[in-house]
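Chain residues, written in single-letter form:
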Amino acid sequence: MAITRIIIPRLVLLLFVVLGVAIITFTISHLIPGDPARMIAGDRASAETLENVRRNLGLDRPVVEQFTIYIGNLLQGDLGTSLRTNRPVAGDIRTFLPATLELGSVALFIAICLGVPLGVLSAVYKDGPIDQIARTVSVCGISMPVFWFGLILIYLFYAKFQILPGSGRLAMGIVAPERITGFLLIDSLLQGRFDAFRSAVYHIILPGFVLAFANMGVITRQIRASMLDVLQEDYIRTARASGLRKRMIIFNYALRNALIPSITLLGLALGDLLYGAVLTETIFAWPGMGTYVVTSIQTLDFPAIMGFTIVASIGYVLINLLVDLAYMLADPQIREV
Amino acid sequence: MMTATVQSRGQALAIQNLSLEFPTFSGAIKALDNVSINVAKAEIVGIVGESGCGKSVTTMAATGLLPKGRYRITGGSVRLFGHSTLTMDESQLQDVRGKMVSTIFQEPMNALNPTIRIGKQLTDVIMRHEEASLSDARRIARDILADMLIGEPERVMKQYPFELSGGMRQRVLIAMAFSCNPGLIIADEPTTALDVTVQAVILRLIQNRARRTGTSVIFISHNVAVVSQLCDRLYVMYAGRIVEHGATRTVLDAPQHPYTQALLRCLPERVAPKQELEAITGAVPNLMQPPAGCYFQPRCKEAIDLCRSRSPQLAGAEGREVACWRRGVGLEIAEQGSRP
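Nothing here was measured: the structure is a model prediction, and the numbers come from that model. (Residues numbered from 1 in each chain as written. Chains lettered and ligands numbered in written order. Predicted model: local features only at pLDDT ≥ 70, side-chain atom pairs only at ≥ 80, totals over all residues.)

**Description of the overall build of chain B**
And then number 1: When its secondary structure is counted, chain B shows 14 helices and twelve strands.
And then number 2: Its C-alpha atoms give chain B a radius of gyration of 21 Å, within 12% of the compact-globule value 20 Å for 340 residues.
And then number 3: Along the three orthogonal principal directions, the C-alpha set of chain B runs to about 75 × 50 × 40 Å.
And then number 4: A fraction of 62% describes how many contacts in chain B between residues 6 or more apart in sequence connect residues 24 or more apart. (Helix = DSSP H or I, 4+ residues; strand = E, 2+ residues; numbered from the N terminus. Rg over C-alpha atoms; globule rule 2.2 N^0.38 Å. Contact = placed C-beta atoms within 7 Å.)

**Examining the interface of chain B and chain A**
And then number 1: Taken together, the 26 residues of chain B in the interface contact 18 residues of chain A.
And then number 2: Contributions of two or more residues to the side of chain B that touches chain A are made by helix H3 (90-96), strand E6 (101-104), helix H4 (108-111), helix H5 (118-129) and helix H8 (166-178) of chain B.
And then number 3: Tallied by class, the residues present in the side of chain B that touches chain A amount to eleven nonpolar, eight polar and seven charged. (Nonpolar A, V, L, I, M, F, W, Y, C, P; charged D, E, K, R; others polar.)

**Details of the sheet that holds strand E2 (residues 27-40) of chain B**
Residues and elements named next belong to chain B.
And then number 1: In space, the four strands of this open sheet follow the order E2-E1-E4-E5, with antiparallel pairing throughout. Edge positions in the open sheet fall to E2 and strand E5 (83-84), since each of these has one partner strand only.
And then number 2: Sheet topology note: the strand E1 (residues 11-24)/E2 ladder contains ten bridges and is antiparallel. Residue pairing in the sheet places Phe 22 in a bridge with Ile 29 of E2. (Pairing = 2+ DSSP bridges.)

**A short note on the UniProt feature "domain: ABC transporter" (unreviewed entry) in chain B**
And then number 1: UniProt annotation of "domain: ABC transporter" (unreviewed entry) refers to residues 13-264 of chain B when read in the numbering used here.
And then number 2: Helix makes up 39% of residues 13-264 of chain B and strand makes up 28%, while its end C-alpha atoms are separated by 27 Å. (UniProt positions renumbered as here; feature names shortened; annotations may be inferred.)

**Focus on helix H11 (residues 246-283) of chain A**
Three- or four-residue spacings in an α-helix give side chains the same orientation, since the helix completes a turn every 3.6 residues.
All names here are of chain A.
And then number 1: Between its first and last C-alpha atoms H11 spans 44 Å; for 38 residues at 1.5 Å apiece the expected length is 56 Å, and the helix comes up short by more than 12%.
And then number 2: Along H11, the helix axis deviates most sharply at Pro 261, where the bend reaches about 45°.
And then number 3: At the C-terminal side of H11, Ala 285 shows a positive phi close to 45°. (Expected span 1.5 Å × (residues − 1). Bend = angle between axes of the 7 residues up to and from the residue.)

**What to know about helix H6 (residues 129-143) of chain A**
Residues and elements named next belong to chain A.
And then number 1: The first and last C-alpha atoms of H6 sit 21 Å apart over 15 residues, in line with the 21 Å expected at 1.5 Å per residue.
And then number 2: For H6, the set of buried residues is Ala 134, Ser 138 and Gly 141. Buried positions in H6, seen along its axis, are confined to an arc of 55° and lie on one side of it. In H6, those exposed residues whose orientation departs by more than 90 degrees from the buried face are Pro 129, Gln 132, Thr 136 and Ser 143. (Buried ≥ 20, exposed ≤ 12 C-beta atoms within 10 Å, placed from the backbone. Arc of directions from axis to C-beta.)

**Side note on the confidence of the model for chain B**
Caution applies to low-pLDDT parts of the model: their predicted coordinates are not meant to be read in detail.
Residues and elements named next belong to chain B.
And then number 1: For chain B, mean pLDDT is 88; residues scoring 70 or higher make up 94% of the total.
And then number 2: Ignoring residues within four places in sequence, the model shows residues 1-9, a span with pLDDT below 50, making eight contacts including any to other chains.
And then number 3: Interface predicted TM-score (ipTM) for the complex: 0.85; the corresponding pTM is 0.82. (pLDDT = per-residue confidence, 0-100.)

Laid out in structure tokens, this is it:
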């Protein structure tokens, strides 16, 4: 009951967000200098050719009309046609988005699995050697640029030791499994293609870790700070005075409360992963949204840029919804009121 | 093994000459100086004194609850039902806490975990110390909540702390403290944060259950009026030292130490209507650089030269002692010392 009360207003809000984003991206795309028709037709095209291209794209019509057409199409799930690939933008996004989501999920998983325990240890052994190491690692994670760290790892593990691949999602010669979810790790398992699964795992380790590392640092610091707060609380003293075991106090009594302020951060981290993915994908030649968007920006492919922006903003709203639901799960005071 | 020891000795808690300091960058804070407190089995004892005098530090040191590495025991011993708690490691202390000794703290608002249901918080403690299945533990928890005059224990066990009032939470905490039938309960200002109307009820709950089960209780309070109705004996602490102790009635009716006397003169109950209440002038000493001699001497109206040079020891009859040069045995020693 409380869940529907949270979800329904958010879905209504989502419509307005999409509309707002559409207006903004549309306006910006028409304000920014640069002529997409010129980009397509080339520098030396005649005025006539240019005019033709313009007419084909609908760029000769009044701006308001262009906008209503765009919104009308948008509501039918049509994000327009890419100027560069000449394919529907929605189709392009369906092709590239799963690769990014797969990379992002793996990165978030690594970041949480390493960051949370590291933060807990760091707080429990405050000022001890473990804490010093954890703090150094997290500062490195936060301050090391993704492209630099990525290149270092490629140099070490791909070029020097040759134990991990440095680019792509699958090794050459391995046929991609049939597309079901678009997540190679899942699709290959569903079809029993263990060769593809193995290869996909090898390929995702380096970019996944690079993308995870920065977020891991942020998570470690947040968990450490909130654990330190929680360990000071009276209810931890009560638990200690009742003779509960230290491990139980830390994981069952303290961590649960320390996670609550970290949930927002995890939501933000998920958003961070999207933009971190742009750099990581470029370095690791990962065929995902990052690579697609960078190329689209370079070629002033407005429909593609706008399509991506809209999808990303929907993603942000959904992430925030997930964050709120996670709050309800973690904090009974929100759940039961 | 524990019961045998308890039966063979009359003492629940014996703190002998405990001295403790907190090292800081600017010097050590001598929080406890030669503190001795004895609690017999089934006895209810009060420790009174103003904030910061070392009441809580004493019991927290005895139960190993002070933060590790932040304090230093400089002397003395603690025996809890015959076991030396000062030499125990953390794992042994975890076995002792909740089973032999439980502590009820003040501020019930924050003393229960906000994200765990009441029932689970109780059964966690019960299953930690007793060989009980979950359903056994739930039954024990339900019974003890009912014993704390909680109307619908089953419903309360399904609730979270934020759904309960302060008084209810404190009942839950008392239930938790009693849940594994410890021989000693330390009630550290258990009603300070509560409405006056519920205070008496809560205190009676602790007292009644303790009397019924033969549990020893230490009431820690800065409020003499509160402990006076509950305790068999009283210890008065000042600046990390015991200055006076004895049977509650004797201490209250015939206070000996100037500090105890001043403390009692501050109580509205003990002053005639319309008469002005007294306040103790001056401030508690800085325990990083305590005054020479008696710690109360800078605020004491009766102080003599000897008070400023040598600190008085507790002296007197068995069970009734005062640390003052101007009283009882102290007076005799003082007079002998001043004779040429």
